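Residue-level structure breakdown
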Amino acid sequence: FGNWYITVGYDINVMGKGKHITPHGFSIGTKNDVRAMQAVWFQKYKLLFINVHAPHNIDLITVLQEKCKEIEVYFRKLVGTVKVIDRVIMVGDFNDDHGMLIGKELNVFGKTIKIPITDLSKIPKSCCADSGYKFSGDYILDSNPVGSSYFGLPVGYNRSTDLYSDHDPVVLL
């Protein structure tokens, strides 16, 4: 699996059938550090969901906005105009060791997405086991976080018994 594969899991009974927008092998990064990125369209909610495993040491804002322009080309071919998108959620391991996305906004698909938290000091240090969890970088960016009241580690999560990755999970409630 490594850096090449990521998965979007969802309940088809809740979300409806998702339409894979990005082609197999769609990636983000340079020749030295290439990682997977994917977008799934949920027509039922007019939601474009993007899953990212970003490489280290890139200009995240610029690169993510450029990759979203590429996704927009695929979206237009498969779905049509991006004007049908009501909401964009981008999640993933952004490998943001320097906090480049904290407090920043991305402009994608005619929407502004950001980490929906007002107290930026509460963004969890979720990365990574080998660094003693001293970095942030696992985020959920949302274009419409109305009603969201919490971004952080899952309530009741215990790293010593619940860890399934070298990263802690994050949730947006």
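Scroll up to find the structure.
Right, let's walk through the structure included here. Predicted, not measured: the structure shown is a model, and the values here were computed from it. (Residues numbered from 1 in each chain as written. Predicted model: local features only at pLDDT ≥ 70, side-chain atom pairs only at ≥ 80, totals over all residues. Heavy atoms only, no water.)

**Topic: unusual backbone geometry**
Selection rule: Only DSSP runs of H or I reaching four residues or more are called helices, and only runs of E reaching two or more are called strands; each is numbered from the N terminus. Buried residues are those whose accessible area, probed at 1.4 Å on protein chains only, stays under 20% of the maximum for their type, while exposed residues exceed 50% and partly exposed ones sit between those limits.
A cis amide bond links C127 with the next residue in sequence, C128, at an omega value of -20 degrees. For C128, the location among the structural elements is in the loop between β7 (111-113) and β8 (138-142). Unusually for a residue other than glycine, N57 sits at a positive phi of about 55 degrees. For N57, the position within the fold is in the loop between β4 (47-53) and α2 (60-78). Given a relative accessible area of 65%, N57 falls into the exposed group. For N95, which is not glycine, the phi torsion reads 45 degrees and is therefore positive.

**Thoughts on the nonpolar core**
For clarity, the threshold we go by: Residues grouped as a nonpolar core are buried Ala, Val, Leu, Ile, Met, Phe, Trp, Tyr and Cys residues, joined through side-chain atoms within 4.5 Å. In what follows, a contact means two residues having at least one pair of non-hydrogen atoms within 4.5 Å.
L48, I50, V52, L64, M90, F94 and F109 are the most contacted members of the largest nonpolar core, which has 42 residues in total. Leave out the neighbours within four places in its chain, and M90 touches I50, V52, L64, C68, L106, I113, Y139, I140 and L141.

**Some thoughts on the pattern of salt bridges**
Rule in force here: Criterion for a salt bridge: a side-chain nitrogen of Lys or Arg within 4 Å of a carboxyl oxygen of Asp or Glu.
If you walk through the whole model with that rule in mind, you get five salt bridges. Of the charged contacts, one joins K67 and E70 as a salt bridge, the two residues approaching to 3.2 Å between their closest N and O atoms. In this pair, K67 and E70 are both assigned in helix α2, three residues apart and thus about one turn of the helix distant. On the accessibility criterion, K67 (13% relative accessible area) is buried. With a relative accessible area of 35%, E70 lands in the partly exposed category. Of the charged contacts in the structure, one is a salt bridge between D168 and R159, with a shortest N-O distance of 2.4 Å. Using a relative accessible area of 34% as the deciding quantity, one classes R159 as partly exposed.

**Quick notes on the packing of aromatic side chains**
Formally: Stacked, edge-to-face and tilted are the three classes for Phe, Tyr and Trp ring pairs, Trp counted by its six-membered ring, which pair at centre distances within 6.5 Å; planes under 30 degrees apart are stacked, over 60 edge-to-face, the rest tilted. Cation placement over rings: the criterion is NZ of Lys or CZ of Arg within 6 Å of the ring centroid and within 35° of the ring normal.
Tallied over the entire structure, the rule returns four aromatic pairs. Here the guanidinium or amino end of K67 rests over the ring plane of F26, the centre of that ring lying 4.6 Å away. Sitting over the face of the ring of Y133, R159 holds its NZ or CZ atom 3.5 Å from the ring centroid.

**A few points about empty space enclosed by the protein**
For clarity, the threshold we go by: Method remark: on a 1 Å grid restricted to protein atoms, a set of points is classed as a cavity if a 1.4 Å probe fits but cannot get out and as a pocket if it is open with protein on both sides within 12 Å along at least five of seven lines; lining residues have an atom within 4 Å of a point. Grid points are joined across faces, edges and corners, and a volume is the space filled by probe spheres set on the points. Basically, the charged four are Asp, Glu, Lys and Arg, the nonpolar ten are Ala, Val, Leu, Ile, Met, Phe, Trp, Tyr, Cys and Pro, and anything else, Gly included, counts as polar.
Taken as a whole and assessed by the stated rule, the structure comprises one cavity of 30 Å³ or more. Surrounding the largest cavity, H56, N57, N95, D96, D97, H98 and M100 form its lining. Across the lining of the largest cavity, the residue classes break down as one nonpolar, four polar and two charged.

**Considerations on the side chain of T22**
For clarity, the threshold we go by: Think of a polar contact as two N or O atoms within 3.5 Å of one another; within protein, one of them needs to be a possible hydrogen donor and the other a possible acceptor, and neighboring residues in sequence only count if both atoms come from side chains.
If you trace the backbone, T22 turns up in the loop between β1 (19-20) and β2 (27-30). Here A39 takes part through its backbone nitrogen, which lies 3.1 Å from a polar atom of the side chain of T22. Not counting residues within four places of it along the chain, the set of residues in contact with T22 comprises M37, Q38, A39 and I71.

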